[in-house]
Amino acid sequence: MSYVNVMLHLVWCTKDRLPLLTANVKPTILNHIRQNAMAKGIFIDTLDGHRDHIHALIGLNAEMSVSKVMQLIKGESSFWINRERLFTHSFEWAVDYFAISVSQSSLERVRFYIRNQEHHHKNVSFKDEYEQLKKHCETPHTTTS
């Protein structure tokens, strides 16, 4: 029996980074993403975002690739958003996304970071956040005991 325990921090944006994920619709969209993921066997540990992007901490199973998970989450949710007419115009997610593995020792820190997106973005733009995430990912890390 295979055992897979791969946690990923995923980030994706609205098309053209339009600030569409307002307090009126964001909870509805996040709830739908969570329910749809569960129905498709995708484990979402933590999910939140800001006006123009979403962060998710997910557990990747043995049968799913990152691209397949993103297709299932982004594709289905944009279809659902448009079908439900949550906006007066057509809704789209941006094509690109960010994905990085998360070690077991970093899970709580990533959960806190995702849950506090609204507060975080009072001081940091998405562009700066993205650059910080990339820089953090490219830097070798050491731990102390």
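Residues numbered from 1 in each chain as written. Predicted model: local features only at pLDDT ≥ 70, side-chain atom pairs only at ≥ 80, totals over all residues. Heavy atoms only, no water.

Asks: Talk me through the overall build of the protein; I want residue IDs and the actual numbers.
Replies: Across its full length, the protein carries five helices and four strands. Ordered by position from the N terminus, the helices and strands of the protein form the series β-α-β-β-α-β-α-α-α. A buried classification covers 42% of the 145 residues belonging to the protein. Long-range contacts, defined as pairs at least 24 residues apart, comprise 72% of the intrachain contacts of the protein with a sequence gap of at least 6. (Helix = DSSP H or I, 4+ residues; strand = E, 2+ residues; numbered from the N terminus. Buried < 20%, exposed > 50% of the residue type's maximum accessible area, 1.4 Å probe, protein only. Contact = heavy atoms within 4.5 Å.)

Asks: Quick one: what's the story with the environment of Asn82, residue by residue and with numbers?
Replies: Topologically, Asn82 is positioned in helix H2 (residues 66-83). Overall, Asn82 belongs to the partly exposed group, its relative accessible area being 29%. Setting aside anything within four residues of it in sequence, one finds Asn82 in contact with His89, Ser90 and Phe91.

Asks: Give a detailed account of the environment of Leu8, specifying residues and quantitative values.
Replies: Mapped onto the elements of the fold, Leu8 is located in strand S1 (residues 6-14). For Leu8 and Leu107, which are 99 residues apart along the polypeptide, the C-alpha to C-alpha distance reads 9.7 Å.

Asks: Requested: an account of the environment of Val4, with residues and values cited.
Replies: Along the chain, the position of Val4 falls in the segment before S1. Taking the relative accessible area as the measure of exposure, Val4 reaches 36% and is therefore partly exposed. When sequence neighbours within four positions are dropped, the list of residues in contact with Val4 reads Leu60, Asn61 and Ala62.

Asks: An account of helix H1 (residues 26-39) is requested, with residue identities and associated values reported.
Replies: Over its 14 residues, H1 extends 20 Å from the first C-alpha to the last, a length consistent with the 20 Å expected when each residue adds 1.5 Å. Among the residues of H1, those classed as buried are Lys26, Ile29, Leu30, His32, Ile33, Asn36 and Ala37. Angular distribution of buried residues about the axis of H1 spans 160°; they occupy a single face of the element. Every exposed residue of H1 that faces more than 90 degrees away from the buried side is listed here: Met38 and Ala39. (Expected span 1.5 Å × (residues − 1). Arc of directions from axis to C-beta.)

Asks: Lay out the pattern of salt bridges with the relevant residues and their values.
Replies: Scanning the model with the defined rule gives six salt bridges in all. Here Arg111 makes a salt bridge to Asp45, at a shortest N to O gap of 2.8 Å. One end of the pair, Arg111, is in helix H3 (residues 107-115); the other, Asp45, is in strand S2 (residues 43-50), and 66 residues separate them in sequence. (Salt bridge = Lys/Arg side-chain N within 4 Å of Asp/Glu carboxyl O.)

Asks: Summarise the pairing of S2; cite the residues concerned and give the values.
Replies: For S2, the tally of buried residues reaches six of eight residues, placing the bulk of the element in the interior. With seven bridges joining them, S2 and strand S3 (residues 53-60) adopt antiparallel strand pairing. Following the sheet pairing, Ile44 is matched in S3 by Ile58. Taken together, S2 and the strand that follows it, S3, pair antiparallel across an intervening segment of two residues. (Pairing = 2+ DSSP bridges.)

Asks: Which residues make up the packing of H1 against H2, and what values go with them?
Replies: Running from N to C, H1 and H2 cross one another at 130°; their axes reach a closest spacing of 10 Å. With respect to each other, H1 and H2 are oriented oblique. Note that H1 runs across H2; the crossing there is right-handed. Between H1 and H2, the contacting residues are Thr28, Ile29, His32, Ile33 and Asn36 on the first element and Leu72, Ile73, Glu76, Ser77, Trp80 and Ile81 on the second. Residue classes in the contact of H1 with H2 are distributed as six nonpolar, four polar and one charged. (Axes fitted to C-alpha atoms, helices over the stretch in contact; angles between N-to-C directions. Parallel < 35°, antiparallel > 145°, perpendicular 65-115°, else oblique. Left-handed = near helix turned anticlockwise from the far one by under 90°. Nonpolar A, V, L, I, M, F, W, Y, C, P; charged D, E, K, R; others polar.)

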